[in-house]
Amino acid sequence: MTYSNLLKLAVAIISFSAPGAHATDVMSVDTMPDNPSFDIQKASITKEDNALKFRMEVAGAAGEKQPKAIGKLAGSDVYSYVWPTNFDPSLVGFSPDTGILAFAATSHPDFDDTPLFDEDGDGDAANDGRIWHSHWVVLNKTDECGPTGLKVRDIKKGEVFDLPKTWPELPLFIDSPGWHPSFTQTSIEILVPFEKSATLVGASFDGVTSALRVNANAHAPLLCVSAVFEVASGDLSLPGKID
């Protein structure tokens, strides 16, 4: 899949798919023998009572690879396992119709963006970025981010939007809800609860492994998708369905 195709398809998936389709996992169409930790075999989202279980199976050791620390925020890297969806961002508390809502598990040793949680239990909630943790993000297209054309949506000075209660007070459409990933040798899984009134069935999704990079000047666009390791469907067409 070319980056230009990724950009075109990323724009297309902002619209909703019709609900009620049969549940479908996304089986990978490609292989990545040189990067097995991010070589997707299958991506799934399944409904369990009032929760969604996000699961991704990979060819190698899930979560084994993490970015190298550079000692500062600006220019630092983020590794991620991502489930792009066609849920409206308002599902988790963002303003509606603001971009592509995606759930992600990330690792980034140079900064912490989960201020409400002490993932390593050492009494300091501000030093846990290297530990895999979860986010909701809203993605937008932009030429400023280079070949991928995607960024986590910025919040510019003076802009006012609806934001989730666990927004980490960064100028981004990002939520830090504190749902912890669990790993097996070749899979990652995260259980995410929702309000009983949430409409979850019938939504579409895909699976992506990727890297993001903080702007070297720490200005907007603050967080770009810098590399796409693999897209499970091959074309970001969101063929998965939640049952």
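Structural data are supplied above this passage.
Parameters and conventions
Residues numbered from 1 in each chain as written. Predicted model: local features only at pLDDT ≥ 70, side-chain atom pairs only at ≥ 80, totals over all residues. Heavy atoms only, no water. Disulfide = S-S within 2.5 Å. Helix = DSSP H or I, 4+ residues; strand = E, 2+ residues; numbered from the N terminus. Buried < 20%, exposed > 50% of the residue type's maximum accessible area, 1.4 Å probe, protein only. Pairing = 2+ DSSP bridges. Core = buried A, V, L, I, M, F, W, Y, C linked by side-chain atoms within 4.5 Å. Contact = heavy atoms within 4.5 Å. Lys, Arg positive; Asp, Glu negative; His and termini not counted. Salt bridge = Lys/Arg side-chain N within 4 Å of Asp/Glu carboxyl O. Polar contact = N/O pair within 3.5 Å; in protein donor to acceptor, adjacent residues only side chain to side chain.

> Help me understand the state of the cysteines in this model?
Chemically, a disulfide is nothing more than a covalent bond linking the sulfur atoms of two cysteines. This model, assessed by the stated rule, comprises one disulfide. Here Cys145 is linked by a disulfide to Cys224, with a sulfur-sulfur distance of 1.9 Å. Taking the torsion about the S-S bond as the criterion, the Cys145 to Cys224 disulfide, at about -70 degrees, is left-handed. A residue pair is termed long-range when its members are at least 10 positions apart, and Cys145 in the loop between strand S6 (133-141) and strand S7 (150-152) and Cys224 in strand S13 (residues 223-231) qualify at 79 residues.

> I keep staring at the pairing of S6 and nothing clicks. Help me out?
Two faces make up the sheet, and in a regular strand the side chains alternate between them. Burial runs high along S6: eight of the nine residues are buried. Pairing analysis gives seven bridges linking strand S5 (residues 100-107) to S6, with the strands arranged antiparallel. Looking at S6, one finds that Ala104 is bridged to His135. Looking at chain direction, S6 and strand S8 (residues 174-175) are connected through two bridges and run antiparallel. Note on S8: the bridge partner recorded for Val137 is Ile174. Where S6 meets S7, three bridges bridge the pair, whose relative direction is antiparallel. When the sheet's bridge partners are listed, Asn140 is paired in S7 with Lys151.

> Got a minute to help me understand the nonpolar core in this structure?
Across soluble globular proteins, you tend to see nonpolar side chains buried next to one another. Judged by nonpolar contacts, the single largest core of 34 residues is most densely connected at Leu52, Phe54, Tyr81, Trp83 and Trp136. Where this core is concerned, the elements lending two or more residues are strand S2 (40-48), strand S3 (51-58), strand S4 (77-84), S5, S6 and strand S10 (187-193). Looking at this core element by element, the count peaks at four residues for S3. If we ignore the near neighbours within four places in the chain, the residues touching Trp136 are Phe54, Val92, Phe94, Leu101, Ala102, Phe103, Phe173, Ile174, Asp175, Pro177, Val192 and Phe194. Ala102, Phe111, Leu139 and Leu238 belong to the second-largest nonpolar core, a separate cluster that totals 22 residues.

> Got a minute to help me understand the side chain of Asp88 in this structure?
Counting through the fold element by element, Asp88 comes out in the loop between S4 and S5. This buried residue, Asp88, is left without a salt bridge; Arg153 holds the nearest opposite charge, at 10 Å. In this structure the side chain of Asp88 is engaged in a polar contact, spanning 2.7 Å, whose partner is the side chain of Ser90. A polar side-chain atom of Asp88 sits 3.1 Å from the main-chain amide nitrogen of Asp97.

> What should I look at first to understand unusual backbone geometry in this one?
Note on backbone geometry: most residues besides glycine have negative phi, and most peptide bonds are trans. A cis amide bond links Ala220 with the next residue in sequence, Pro221, at an omega value of -5 degrees. Checked against the element boundaries, Pro221 lands in the loop between strand S12 (208-214) and S13. Within the chain, Leu238 stands out as a residue other than glycine whose phi angle is a positive 55 degrees. Summarising the element assignment, Leu238 is placed in the loop between S13 and strand S14 (240-241).

> It is not clear to me how the environment of Ser134 should be interpreted in this structure. Could you clarify?
Tracing the chain through its elements places Ser134 in strand S6. Here Ser134 falls in the buried class, since its relative accessible area comes to 2%. Taking C-alpha positions, Ser134 is 23 Å from Gly149, a pair spaced 15 residues apart along the chain. A polar contact is formed between the side chain of Ser134 and the backbone oxygen of Trp179, at a distance of 2.6 Å.

> It is not clear to me how the sheet that holds strand S9 (residues 182-183) should be interpreted in this structure. Could you clarify?
In sheet architecture, strand pairing relies on hydrogen bonds along the backbone and comes in two forms, parallel and antiparallel. The sheet built from five strands is open, its strands ordered S1-S2-S3-S10-S9 with antiparallel pairing. Each edge of the open sheet carries a strand with a single partner, namely strand S1 (26-27) and S9.

> Mind showing me how you'd approach the environment of Met32 here?
For Met32, the location among the structural elements is in the loop between S1 and S2. Residue Met32 is classed as buried on the basis of its relative accessible area of 11%. The spatial distance from the C-alpha of Met32 to the C-alpha of Leu222 is 29 Å, given a sequence separation of 190 residues. When neighbours within four sequence positions are excluded, Met32 is seen to be in contact with Phe38, Asp39, Phe229 and Glu230.

> Got a minute to help me understand the pattern of salt bridges in this structure?
It is possible for side chains bearing opposite charge to pair when their charged atoms get close. Enumeration over the complete set of coordinates arrives at eight salt bridges. In this structure, Lys53 and Glu189 form a salt bridge, with 3.8 Å as the shortest nitrogen-oxygen distance. A residue pair is termed long-range when its members are at least 10 positions apart, and Lys53 in strand S3 and Glu189 in strand S10 qualify at 136 residues. Classification of Lys53 as partly exposed rests on a relative accessible area of 21%. Across the salt bridge formed by Glu189 and Arg55, the nearest N and O atoms sit 2.8 Å from each other. A residue pair is termed long-range when its members are at least 10 positions apart, and Glu189 in strand S10 and Arg55 in strand S3 qualify at 134 residues.

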